[in-house]
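# Understanding the architecture of this molecule
Here are the chains, one letter per residue:
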Amino acid sequence: MLTIDTIPPPKPVNLYVADTGPDYFSLIWEIGKGEIKEYFVQRWDSGRWRTFRSGFSSPPVRLNSKSAGRVRVMAIDCALNRAFSQEVVL
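First, a word on what this report is: a plain description of the structure on this page. Values in this document were obtained by computation on a predicted structure and should not be read as measured data.

Ranked by internal contacts, the top residues of the largest apolar core, which has 13 residues, are Leu27, Trp29, Val41 and Leu63. When neighbours within four sequence positions are excluded, leucine 63 is seen to be in contact with Asp23, Tyr24, Phe25, Leu27, Val41, Phe52, Arg53 and Phe56.

Have a look at this one:
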């Protein structure tokens, strides 16, 4: 019998903006216990969430971009299940 993993990873919690500048911002969040393959930072753009940067293994994350808009963090496990943080406004 084949078992397919459909359980999402732990949500990134307590997301906040740690630092901002004219051309960058830094994000920090708490990591839950469980298997996480990587984190993606997504930005709200034209009515949908778009992946802005990917490949992070843990916080903090510094992104070279103007600090404006809404962002969230998406956690992905090895089975490609996803979990999302609350959004923050830059």
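A separate point is the side chain of glutamine 42. Tracing the backbone through its elements, the reader meets glutamine 42 in strand S3 (residues 38–45). Not counting residues up to four positions away in its chain, the partners in contact with glutamine 42 are Trp49, Arg50, Thr51, Phe52, Arg70, Val71, Arg72, Met74 and Phe84.

For the coordinates displayed, the defined rule picks out 3 aromatic pairs. Taking the centre distance of 6.3 Å and the plane angle of 15° together, the rings of phenylalanine 25 and phenylalanine 52 count as stacked. Of this pair, phenylalanine 25 sits in strand S2 (residues 24–30) while phenylalanine 52 sits in strand S4 (residues 48–56), and the two are 27 residues apart along the sequence. Phenylalanine 25 sits in the buried class, given a relative accessible area of 0%. Here phenylalanine 52 falls in the partly exposed class, since its relative accessible area comes to 22%. Cation over ring: arginine 43 sits above phenylalanine 52, and NZ or CZ is 4.4 Å from the ring centre. Directly above the ring of phenylalanine 52 sits arginine 53, whose terminal nitrogen or CZ lies 4.6 Å from the centroid.

About the thresholds
Residues numbered from 1 in each chain as written. Predicted model: local features only at pLDDT ≥ 70, side-chain atom pairs only at ≥ 80, totals over all residues. Heavy atoms only, no water. Core = buried A, V, L, I, M, F, W, Y, C linked by side-chain atoms within 4.5 Å. Buried < 20%, exposed > 50% of the residue type's maximum accessible area, 1.4 Å probe, protein only. Contact = heavy atoms within 4.5 Å. Helix = DSSP H or I, 4+ residues; strand = E, 2+ residues; numbered from the N terminus. Phe/Tyr/Trp six-rings, centres within 6.5 Å; stacked < 30°, edge-to-face > 60°. Lys NZ or Arg CZ within 6 Å of the ring centre and 35° of its normal.

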